[in-house]
Amino acid sequence: MARSALLNVMVQAAMKAGRSLSRDFGEVQNLQVSMKGPGDYVSQADRKAEDIIFAELSRARPGYGFLMEERGAVSGDDDQHRWIVDPLDGTTNFLHGIPLFSVSVALERQGQIVAGVVYNPAMDELYTAERGGGAFVNDRRLRVAARTKLTDTVIGCGVPHLGRGHHGNFLIELRNVMGEVSGIRRMGSAALDLAYVAAGRMDGFWETGLSAWDIAAGILLIREAGGFVSDVGGGQTMLESGAVVAGNEAIHRALLKTVTKPLKA
Ligand code: IPD
Ligand code: CA
Ligand code: CA
């Protein structure tokens, strides 16, 4: 499949980091880990993957800025472009030997996400999208699922845990959603969750408390696969608020309404 020079650069960086993660995944028991907060481990593998992406992208596009999970914001000479990167999304899965983790790389140009790559090295699935050019998994074009009734859907979400997220709010959201849908999934990599919605494997997704690097690439994948993404208020503050609701047009609308339904006394 012919890819643009930009996507090639991003794919090369994501796959190189992915190969490094794969090697470390095989030896996950031997990894030295440091605690960043309850349930939120940062491993050597994570840092190594980030270093690879930083080096690759800096070499290919000198001057672009970065927003990376470990490094934070790194400004460049070119203030029009910024890479938004999570070198390892799904760290808890990774540390537990569950092969659901990903590398997420997005490019923002003048505040707009213009390209996104999500790579799951364990399954060798490469999701790519460029603004206006469609979304793909490996060489296959992606399209969001066509189901329009919430009752037929499988919906992904994130679940707060020890030290993370607003447990009370989530329980209200879950109560609202679980009575309306066919199934709920918690995969543990928000970037992959969004890629799965783009691929039509899940019909929708919602989560709050995320960071820009978890969702920047996935948001573009969904849009380029014909889907809709917003924050929980229906606005476009996802990267700032860390809240996302996604699906095809009908499911996005229905899920948004359901998630935010006030709890009846
Ligand atoms: C996490 C994953 C997870 C989501 C968490 C994120 P990390 O990212 O995306 O699915 O529920 O909120 O922090 O820590 O594995 O990079
Ligand atoms: Ca993440
Ligand atoms: Ca991460």
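Residues numbered from 1 in each chain as written. Chains lettered and ligands numbered in written order. Predicted model: local features only at pLDDT ≥ 70, side-chain atom pairs only at ≥ 80, totals over all residues. Heavy atoms only, no water.

Caption draft 1: Seen up close, the sheet that holds strand β12 (residues 183–185). Read from one edge of the open sheet, five strands run β12-β11-β13-β15-β14, paired in mixed fashion. Of all the strands in the sheet, the pair left with one neighbour each is β12 and β14 (228–230). Within this sheet the neighbouring strands show an average axis-to-axis angle of 15°, counted without direction. Here strand β13 (residues 204–207) pairs with strand β15 (residues 244–247) via four bridges, running antiparallel. Of the residues in β15, the one forming a bridge with Glu207 is Val244. (Pairing = 2+ DSSP bridges. Helix = DSSP H or I, 4+ residues; strand = E, 2+ residues; numbered from the N terminus. Axes fitted to C-alpha atoms, helices over the stretch in contact; angles between N-to-C directions.)

Caption draft 2: Structural view of the site of ligand 1. In the neighbourhood of ligand 1, 15 residues make up the surrounding shell, with Asp89, Gly90, Thr91, Gly188 and Glu207 lying closest. At 3.4 Å, a side-chain N or O of Glu69 approaches an oxygen atom of ligand 1. Side-chain polar atom of Asp86 to an oxygen atom of ligand 1: 3.2 Å apart, as the coordinates give it. Look at ligand 1: alone it shows 380 Å² of surface, and the protein chains cover 90% of it. For the shell around ligand 1, the class distribution of residues is three nonpolar, four polar and eight charged. (Near = heavy atom within 4 Å. Polar contact = N/O pair within 3.5 Å; in protein donor to acceptor, adjacent residues only side chain to side chain. Areas by Shrake-Rupley, 256 points an atom, 1.4 Å probe, with all protein chains shown as cover. Nonpolar A, V, L, I, M, F, W, Y, C, P; charged D, E, K, R; others polar.)

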